[in-house]
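Structural overview
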Amino acid sequence: MVGKGDIVVFGSYPQNIEIISEKEPIEWLVLDKKDDKILCVSKYLLDCRPYHERLEEITWEKSTLRKWLNEVFVLVAFTAEERMRILLSNVENPTQHTLDRIFLLSYDEAEEFLDLEHRAAKTTAYSRAQGAWLLQEDGANTELKENGTWWLRYYGEASEESEGEFDFMSCVNYDGVVEPAAGSVNVSSCCVRPAVWFTEY
């Protein structure tokens, strides 16, 4: 039995650039649990991609990152048997709710489920090879070295109801601080930290 804060292994993805043709087990941090279903976010920043390929006002529903997560990442990271355990989730957004197997956390969810320490996340060698920005030096605090930034699902808090009105997006900074207007949606140096609901067994 697993609980909140535990680390579970599920799926696999390239992480070590020296063996890029091989995939390694993905570690997931458990955020929530309902019966035999668990909500997880990857422990590490697994890839580096823009939120949307073009600089334009965009919603999560129409973003190219959502399409990539649910059409490409899900096939690369999980076997057919593993995909049977992934739940199709009703993902709530300020404007249009979506049905997704893989998604990003929202501004609100990042603050609800993760404390500052666990919002801060390290890049992998693979995500760095894809162009991820990372903290290379941090003075006395070496724990933050190689931390990156990661996209959130929509701009700001849900109560702002501003999804799709801007061509920039929120993200979590290297130190775990949530940045509302972090960067343009087509920035290519921000990382992907997938979230997923799946059955425990």
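To be clear, the structure that these remarks concern was listed above.
Residues numbered from 1 in each chain as written. Predicted model: local features only at pLDDT ≥ 70, side-chain atom pairs only at ≥ 80, totals over all residues. Heavy atoms only, no water.

Helices and strands together make up the secondary structure of the protein chain, namely five helices and twelve strands. Computed over C-alpha atoms, the radius of gyration of the protein chain comes to 16 Å, within 12% of the 17 Å expected from 2.2 N^0.38 for 201 residues, which places it in the range of a compact globule. Taken along its principal axes, the extent of the C-alpha atoms in the protein chain is 40 × 40 × 30 Å. Taking all 201 residues of the protein chain together, the buried fraction comes to 47%. By sequence separation, contacts in the protein chain at least 24 residues apart represent 66% of the contacts at least 6 residues apart. Accessible area for the protein chain stands at about 9800 Å²; split by element, carbon and sulfur atoms hold 46% of it. When the 20 basic and 37 acidic side-chain charges of the protein chain are each reduced to a single mean position, those positions are 6 Å apart. (Helix = DSSP H or I, 4+ residues; strand = E, 2+ residues; numbered from the N terminus. Rg over C-alpha atoms; globule rule 2.2 N^0.38 Å. Buried < 20%, exposed > 50% of the residue type's maximum accessible area, 1.4 Å probe, protein only. Contact = heavy atoms within 4.5 Å. Areas by Shrake-Rupley, 256 points an atom, 1.4 Å probe, with all protein chains shown as cover. Lys, Arg positive; Asp, Glu negative; His and termini not counted. Charge placed at Lys NZ, Arg CZ, Asp CG, Glu CD.)

Here strand β12 (residues 195-199) lies mainly inside the structure; five of its five residues are buried. Of the two faces of β12, the one carrying A195, W197 and T199 and the one carrying V196 and F198 are both buried. Relative to β12, strand β3 (residues 37-42) runs antiparallel, the two sharing five bridges. Bridging across to β12, I38 finds its partner in F198. Bridge count between strand β7 (residues 102-103) and β12: two bridges; the pairing is antiparallel. Opposite I102, over in β12, you have V196 as the bridge partner. (Pairing = 2+ DSSP bridges.)

Right, let's talk about the sheet that holds β3 for a bit. Pairing within the open sheet is antiparallel, and its five strands lie in the order β1-β2-β3-β12-β7. Each edge of the open sheet carries a strand with a single partner, namely β1 (7-13) and β7. Contacts between helix α1 (residues 64-77) and the sheet are confined to β1, β2 (24-34) and β7, with β1 contributing the most and set at about 95° to the helix. (Axes fitted to C-alpha atoms, helices over the stretch in contact; angles between N-to-C directions.)

Once that is clear, we can look at the nonpolar core. One finds Y51, L69, F73, F78 and W150 to be the most contacted residues of the largest nonpolar core, which totals 53 residues. Of the residues forming this core, the biggest block, six residues, is contributed by α1. (Core = buried A, V, L, I, M, F, W, Y, C linked by side-chain atoms within 4.5 Å.)

A few words now on unusual backbone geometry. Backbone geometry follows two general trends: most residues other than glycine have a negative phi, and most peptide bonds adopt the trans configuration. With a phi close to 55°, D35 is a non-glycine residue in the positive phi region. Along the chain, the position of D35 falls in the loop between β2 and β3. We note that E146 has phi near 75°; this positive angle belongs to a residue other than glycine. Secondary-structure assignment places E146 in the loop between α5 (125-129) and β8 (150-151).

With 14 residues, α1 extends 18 Å from end C-alpha to end C-alpha; this agrees with the ideal 20 Å at 1.5 Å per step. What α1 keeps buried is the set T64, L65, R66, W68, L69, F73, V74 and A77. (Expected span 1.5 Å × (residues − 1).)

Below, the discussion takes up the pattern of salt bridges. A complete count under the given rule lists eight salt bridges for this structure. Here E146 makes a salt bridge to R128, at a shortest N to O gap of 3.6 Å. Residue E146 is found in the loop between α5 and β8, and its partner R128 is found in helix α5; the two are separated by 18 residues along the sequence. Using a relative accessible area of 27% as the deciding quantity, one classes R128 as partly exposed. (Salt bridge = Lys/Arg side-chain N within 4 Å of Asp/Glu carboxyl O.)

It is worth spelling out the environment of Q96 at this point. Looking at the secondary structure, you find Q96 in the loop between β5 (89-91) and β6 (98-100). With a relative accessible area of 40%, Q96 lands in the partly exposed category.

Function cannot be inferred from these measures alone, as they are strictly geometric.
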